[in-house]
Amino acid sequence: MNPVRHRVPSRPLTDVDVAIVGAGAAGLSAALVLGRCLRQVLVLDGGPPRNAPSPAVQGFLTRDGTKPAELLRLGREQLLPYDSVEFAAGRVTGIRELTGYFQLTVEAETGHTRMFTARKVLLATGVEDELPPIDGMRDLWGRGVLHCPYCHGWEVRNQPLAVYGRAKLVTGLALLVSRWSPDVVACVEDPAYLTANARRRLRRQKIQVREEPVIRLEGTKAGELRHIVFESGEKLARTAVFIHAHQHQRTTLAEQLGCRRNSKGAVWVDKKQQTSVPGLYAAGDTTPGTQQALLAAAEGSAAAININETLTREECPK
Ligand SMILES: Cc1cc2nc3c(=O)[nH]c(=O)nc-3n(C[C@H](O)[C@H](O)[C@H](O)COP(=O)(O)OP(=O)(O)OC[C@H]3O[C@@H](n4cnc5c(N)ncnc54)[C@H](O)[C@@H]3O)c2cc1C
């Protein structure tokens, strides 16, 4: 059953009320709330989520340990009753702000492009991790190479662990990881920058500092880490290494509209998840702050509520 739509005489009629770009935890959660508001929604699904290489989503209430693809499958299954929510496979490659609405360009896998219009847009496009250019990093990403002890620390508790990265970030991460294991080694990319204070703090936690360049990670075909190999050829047996990967936005859509972003490139939002461009909202990893699937879903939900309230205000003027 299609919802009864309010018509807003002063505004152009668009294809949908809301376009959601990205069908990860943030996008699906927003789609659920907007579907329940009988909003006409199009969700554009551009491919796998950020955590696709990981065996499980941890720390997600009621879904702890669920495979990433299964979490999203359940999310989409639960959207089936809401027939005002539609999905389309394809990447949104362009966005234009017109008077009171947005025009989006979607590229399908076939290369075919089409345009459609929406009154509000939610960017839930996430980020992409940039891994250090070391042999084996990419192959072991998500299993032997980990990014977050809150997501994976419990699974590798009390095991021989390492932390790899630049002096500026490695100390904090190593101290954090030492909560999960008494055997942590810090492999520092630029040891000349490791301050005496940082070295003292690491020593106090019995965290050994390794200063030689790492040239390779060795692991199993299943993605488990076995050894960190140093330039000298020495091998250090470890079961996981935590890194602080740089990241970038998965799309340039916020840039295209000149949205305000922070120094790390994350899309700034106000308390209602609205970006600096009115009518354009953002949720999940694409925005600043802690990156977790449950938090992304919560932001998606908050964005959806605020979008629906804004649309309602536009439809029911004073
Ligand atoms: C290896 C790894 C393991 C992790 N493990 C955990 C964990 O155990 N627990 C936890 O809470 N968090 C974990 N995380 C973090 C978690 O993955 C993110 O916080 C979460 O996925 C953010 O959800 P999101 O919806 O914002 O983005 P994503 O899940 O990345 O979804 C974004 C979606 O947008 C799509 N998209 C991007 N650009 C476009 C476009 N132009 N057009 C259309 N679609 C587009 C993408 O294809 C993707 O489907 C992990 C992260 C990594 C890297």
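Nothing here was measured: the structure is a model prediction, and the numbers come from that model. (Residues numbered from 1 in each chain as written. Predicted model: local features only at pLDDT ≥ 70, side-chain atom pairs only at ≥ 80, totals over all residues. Heavy atoms only, no water.)

## Brief notes about the packing of helix α5 (residues 167-177) against helix α6 (residues 196-204)
The relative placement of two packed helices is expressed as an angle between their axes plus a distance between the axes.
Then, in step 1: Where α5 contacts α6, the axes come no closer than 10 Å and their chain directions differ by 15 degrees. Between α5 and α6, the crossing angle belongs to the class labelled roughly parallel. Of the two elements, α5 crosses α6, and the hand of that crossing is left-handed. Mapping the contact onto sequence places Thr171, Ala174 and Leu175 in α5 and Ala198, Arg201 and Leu202 in α6.
Then, in step 2: Residues belonging to the contact of α5 with α6 are distributed by class as follows: four nonpolar, one polar and one charged. (Axes fitted to C-alpha atoms, helices over the stretch in contact; angles between N-to-C directions. Helix = DSSP H or I, 4+ residues; strand = E, 2+ residues; numbered from the N terminus. Parallel < 35°, antiparallel > 145°, perpendicular 65-115°, else oblique. Left-handed = near helix turned anticlockwise from the far one by under 90°. Contact = heavy atoms within 4.5 Å. Nonpolar A, V, L, I, M, F, W, Y, C, P; charged D, E, K, R; others polar.)

## Some thoughts on the pairing of strand β15 (residues 240-243)
Then, in step 1: Side chains Ala240 and Phe242 project from β15 onto one buried face, and the interleaved Val241 and Ile243 project onto a second face that is buried too.
Then, in step 2: Sheet analysis places strand β8 (residues 145-146) next to β15, joined by two bridges and oriented parallel. Bridged to valine 145 within β15 is valine 241.
Then, in step 3: By the bridge criterion, four bridges tie strand β9 (residues 161-165) to β15 in an arrangement that is parallel. Each bridged residue has a counterpart across the sheet, and for tyrosine 164 the counterpart in β15 is isoleucine 243. (Buried < 20%, exposed > 50% of the residue type's maximum accessible area, 1.4 Å probe, protein only. Pairing = 2+ DSSP bridges.)

## Things to note about the pattern of salt bridges
Then, in step 1: Enumeration over the complete set of coordinates arrives at 21 salt bridges.
Then, in step 2: Of the charged contacts, one joins arginine 50 and aspartate 285 as a salt bridge, the two residues approaching to 2.8 Å between their closest N and O atoms. One end of the pair, arginine 50, is in the loop between β2 (41-45) and α2 (68-77); the other, aspartate 285, is in the loop between β17 (280-282) and α8 (293-315), and 235 residues separate them in sequence.
Then, in step 3: A network of salt bridges, in which partner residues are shared, links Asp17, Arg39, Arg119, Lys120, Glu314 and Glu315. (Salt bridge = Lys/Arg side-chain N within 4 Å of Asp/Glu carboxyl O.)

## Some words on the sheet that holds strand β10 (residues 184-188)
Then, in step 1: One open sheet holds the five strands; their spatial order is β8-β15-β9-β10-β11, and the pairing between them is parallel. The two strands at the open ends of the sheet, each matched to only one other strand, are β8 and β11 (208-210).
Then, in step 2: One ladder, built from five bridges, connects β9 with β10; its direction is parallel. Of the residues in β10, the one forming a bridge with leucine 161 is valine 184.
Then, in step 3: Across the sheet, α5 touches β9, β10 and β15, and the angle it forms with β9 is around 160 degrees.

## Things to note about a positive patch on the surface
Then, in step 1: A cluster of like positive charges, contributed by Arg200, Arg201, Arg203 and Arg204, occupies part of the molecular surface.
Then, in step 2: In this structure, arginine 200 sits in helix α6. (Patch = residues over 30% accessible without salt bridge, like charges linked within 9 Å, V, L, I, M, F, W, Y side chains within 5 Å. Areas by Shrake-Rupley, 256 points an atom, 1.4 Å probe, with all protein chains shown as cover. Lys, Arg positive; Asp, Glu negative; His and termini not counted. Charge placed at Lys NZ, Arg CZ, Asp CG, Glu CD.)

## What to know about the sheet that holds strand β12 (residues 214-219)
Then, in step 1: Here three strands make up an open sheet; going across it, the order is β12-β13-β14 and the pairing antiparallel. Where the open sheet ends on each side, the last strands, each with one partner, are β12 and β14 (235-237). When strand polarity is set aside, the average angle formed by the axes of neighbouring strands in this sheet is 25 degrees.

## A look at the domain arrangement of the protein
Then, in step 1: Taken as a whole, the protein is organised into domain 1 (16-128 + 246-315) and domain 2 (132-243).
Then, in step 2: Computed over C-alpha atoms, the centres of domain 1 and domain 2 are 33 Å apart.
Then, in step 3: In this complex, domain 1 contributes six residues to the contact, which on the side of domain 2 involves nine residues.
Then, in step 4: Carbon and sulfur atoms make up 50% of the surface buried where domain 1 meets domain 2, a total of about 680 Å² over both sides.
Then, in step 5: Applying the counting criterion to the domain 1 and domain 2 interface returns zero salt bridges.
Then, in step 6: Counting across the interface, domain 1 meets domain 2 through zero residue pairs in polar contact (both at pLDDT 80 or more).
Then, in step 7: Considered class by class, the residues forming the side of domain 1 that touches domain 2 number two nonpolar, three polar and one charged. (Domains from an automatic or database assignment. Buried area = accessible area lost by both parts, 1.4 Å probe. Polar contact = N/O pair within 3.5 Å; in protein donor to acceptor, adjacent residues only side chain to side chain.)

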